[in-house]
Amino acid sequence: MARTHRYRELLAIGALSLGGCGWLPPDTPPARPSPPDPDAAVLHDWKVAGHVLGTRALISDADGAGFHDRRVSVTPTAYASPWSGRCDQARRGRQSRALAEIATAHDIAADRATGLGLAGPIIEYQLQCATNRTPALIVYVAGSHALTCWSGVCYLLAR
């Protein structure tokens, strides 16, 4: 009986040694996730959901409607739009803007500007191409909506 007990004891010790120290923490801590991009609000594939003509628009209302459902894409390093074309190496700048400033800059009547759906803080993102002459793209972001203006027309963007 003592022999059986000793045999079981040795088996238990062997099982523990084979199991290793799985209950101990790993030697190296897990990698920390990288901090979120402070410009994450603009990094999306946006869809043109509407438009507003400014007083100096170079196209008609029907032409502006022709851009509905088109895509504006902004990634951490690139951007593309129907107006600016594509840039694969872009720099980003940002600053806060008031809706009144945006309306004034693009000659949009105050009553039309309030219907743009840009409530809350608005951040203007200036996207500049670093490698070629692709025109810059400016996107105004407020929550899940955005706005970009081209040739006197401001296009409403949605995610």
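Cut-offs used in this document
- Residues numbered from 1 in each chain as written.
- Predicted model: local features only at pLDDT ≥ 70, side-chain atom pairs only at ≥ 80, totals over all residues.
- Heavy atoms only, no water.
- Phe/Tyr/Trp six-rings, centres within 6.5 Å; stacked < 30°, edge-to-face > 60°.
- Helix = DSSP H or I, 4+ residues; strand = E, 2+ residues; numbered from the N terminus.
- Pairing = 2+ DSSP bridges.
- Axes fitted to C-alpha atoms, helices over the stretch in contact; angles between N-to-C directions.
- Core = buried A, V, L, I, M, F, W, Y, C linked by side-chain atoms within 4.5 Å.
- Buried < 20%, exposed > 50% of the residue type's maximum accessible area, 1.4 Å probe, protein only.
- Contact = heavy atoms within 4.5 Å.

Trainee: Report on the packing of aromatic side chains, specifying residues and quantitative values.
Mentor: All told, the structure shown has three aromatic pairs when counted by the stated rule. Ring geometry for Phe 67 against Tyr 155: centres 5.5 Å apart, planes inclined by 70°, an arrangement best described as edge-to-face. In this pair, Phe 67 is assigned in the loop between helix 2 (61-65) and strand 2 (71-74) and Tyr 155 in strand 9 (residues 153-158), connecting sequence segments 88 residues apart. An aromatic cluster of three or more residues is present, and its members are Phe 67, Trp 83 and Tyr 155.

Trainee: Pulling in residues and values, what's your account of the sheet that holds strand 5 (residues 90-97)?
Mentor: The nine strands lie next to each other as 4-3-2-1-9-8-7-6-5, forming an open sheet whose pairing is antiparallel. Two strands lie at the open edges of the sheet, namely strand 4 (85-87) and strand 5, each paired on one side alone. Shown here is a sheet whose adjacent strand axes are inclined to one another by a mean of 25°, direction ignored. Inspection of the sheet shows strand 1 (residues 45-53) paired to strand 2 by three bridges, in the antiparallel sense. Along strand 2, the bridge assignment pairs Asp 45 with Ser 73.

Trainee: Which residues make up the nonpolar core, and what are the values?
Mentor: Within the largest apolar cluster, 22 residues are counted, with the highest numbers of intra-cluster contacts made by Val 42, Val 72, Tyr 79, Val 139, Val 141 and Leu 157. The set of elements that each furnish at least two residues to this core consists of strand 1, strand 2, strand 6 (122-129), strand 7 (137-142) and strand 9. Considering every element that reaches this core, the biggest residue donor is strand 6, with four residues. Filtering out sequence-adjacent residues up to four positions away, Val 141 remains in contact with Ala 41, Val 42, Trp 46, Pro 121, Ile 122, Ile 123, Tyr 125 and Ala 146.

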